[in-house]
Amino acid sequence: MGFADQRFNVNLSILFTELPLLERPAAAAAAGFTAVELWWPWVDSPVPEQAELDALKHAIDEAGVQLTGLNFYAGQLPGPDRGALSVPGEESERFRANIDVAAGFAASLGCTALNALYGNRVEGVDPAEQDALALENLVLAARAADRIGAVLLIEALNRPESPLYPLVSAPAAVEVVDKVNEATGLGNARFLMDLYHLSMNGEDLPAVIERFAAKTGHVQIADNPGRGAPGTGSLPFEDLLDQLTKAGYDGWVGLEYKPGDRPSAEAFDWLAR
């Protein structure tokens, strides 16, 4: 068991960011990876020009890697935002405008996982109003994902780094997953289990895996403290990933960590080739 038995993909929004976006897929391939994932790359544009979409698709195709995960528009990320879908007004509208664009781009590359970040609490807005808006938008996103044979991912972040984000525990995120599935009847909403965020929240990771592996659609990892590569912190990843495998999870494990003060291509020495 251990790392050799896992399927790892590289998040190109946190690794290889020293390179232009269109060069990152080939860099991931050169580092030995066959799959990549992305946050929404155009932070200022939920509906970019078709030429930009085509150029990124071409870069991924030419690199010979599979796009296995894509975020919907989530505002300024990295930055102050943590999603748009629960933020009333312009941001919610931008999310809605992005739904079919993101789903269409994912479909063009055979990507079957779309991540919808919930969004921060807004001062002066009733949380219940935000939650109602969120459910409306997540239902739209789930239906769009279903049309392309994809799952809709809902992620828990961590309170220290995202104090205004309401989903800062595994149970909180899974509760939203269940509400979306109940509302749509599609059953394609799934939990995105990011072990770094959950550990930052002080959650019992083996207990989270035991309880929620069956509802998990994707896993992401970074070590804690520091959000670096496995081995730079204290999380027992081989044990945790073995437990996930034994619990029936057979999907991708996204590498969503910071490379540190070295080129990204040198940040995979922990991984047995």
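On a predicted model such as this, the values are computed, not experimentally measured, just so you know.

In this structure the tally under the stated criterion is 10 salt bridges. Among the salt bridges present, the one from E136 reaches R96, with a minimum N-O distance of 3.0 Å. Taken as a pair, E136 in helix α4 (residues 127-147) and R96 in helix α3 (residues 90-108) lie far apart in primary sequence, 40 residues in all. Assessed through its relative accessible area of 48%, E136 is described here as partly exposed. Taken together, the shared-partner salt bridges connect E90, E91 and R94 into one network.

What you tend to see is this: most non-glycine residues have negative phi, and most peptide bonds are trans. Note the cis peptide between L77 and P78, where omega equals 0 degrees. Relative to the assigned elements, P78 resides in the loop between β3 (66-71) and α3. Residue P225 follows N224 across a cis peptide bond; omega there is 5 degrees. Here P225 is to be found in the loop between β7 (216-221) and α8 (237-246). Despite not being glycine, F16 has its phi angle at roughly 65 degrees, a positive value. Residue placement: F16 occurs in the loop between β1 (8-11) and α1 (24-30). For F16, a relative accessible area of 2% translates into the label buried. Positive phi outside glycine occurs at R227, with the angle close to 55 degrees. Topologically, R227 is positioned in the loop between β7 and α8.

Time to look at the sheet that holds strand β8 (residues 253-255). Around the barrel, which closes on itself, the eight strands sit in the order β1-β2-β3-β4-β5-β6-β7-β8 with parallel pairing between neighbours. Pairs of neighbouring strands in the sheet enclose a mean axial angle of 30 degrees, with direction left out of account. Of the pairings in the sheet, the one linking β7 to β8 comprises three bridges and is parallel in character. Bridged to Q220 within β8 is G254. Across the sheet, α3 touches β3 and β4 (113-115), and the angle it forms with β3 is around 170 degrees. Here α4 sits on the sheet and contacts β4 and β5 (151-155); the angle it forms with β5, its principal contact strand, is near 140 degrees.

Before going further, it helps to spend a moment on the packing of aromatic side chains. Under the criterion given, the structure shown has nine aromatic pairs. With a centroid separation of 6.3 Å and 85 degrees between ring planes, the pair formed by W42 and F105 is classed as edge-to-face. Note that W42 is positioned in the loop between β2 (35-38) and α2 (50-63) and F105 in helix α3, a separation of 63 residues in sequence. Overall, F105 belongs to the buried group, its relative accessible area being 5%. Of the aromatic side chains, those joined through ring pairs into one cluster are F8, F16, F33, Y257, F268 and W270. Lying over the aromatic face of W252, R7 brings its terminal NZ or CZ to 4.4 Å of the ring centre.

Calculation rules
Residue indices begin from 1 for each chain and proceed along its sequence in written order. Totals for whole chains, interfaces and linings use every residue, but because this is a predicted model, local features are given only for residues with pLDDT of at least 70 and side-chain atom pairs only at 80 or more, for both listing and counting. As a rule here, side-chain values cover all heavy atoms of the structure and leave hydrogens and water aside. The working definition used for a salt bridge is a side-chain nitrogen of Lys or Arg within 4 Å of a carboxyl oxygen of Asp or Glu. The helix count covers DSSP runs of H or I at least four residues long, the strand count covers runs of E at least two residues long, and both are numbered beginning at the N terminus. Using a 1.4 Å probe on the protein chains alone, a residue whose accessible area is under 20% of its type maximum counts as buried, one over 50% counts as exposed, and one in between counts as partly exposed. A strand pair is defined by DSSP finding two or more bridges across the two strands. Think of each axis as a best-fit line through the C-alpha atoms, taken over the contacting stretch in the case of a helix, with angles from 0 to 180 degrees between the N-to-C directions. Contacts are residue-level and defined by heavy atoms, with any inter-residue pair within 4.5 Å sufficient. In this analysis, rings of Phe, Tyr and Trp, with Trp reduced to its six-membered ring, are considered paired at centre separations within 6.5 Å, and the interplanar angle assigns stacked below 30 degrees, edge-to-face beyond 60, and tilted for intermediate values. Two conditions define a charge located above a ring, namely a distance within 6 Å from the ring centre to NZ of Lys or CZ of Arg, and an angle within 35 degrees of the ring normal.

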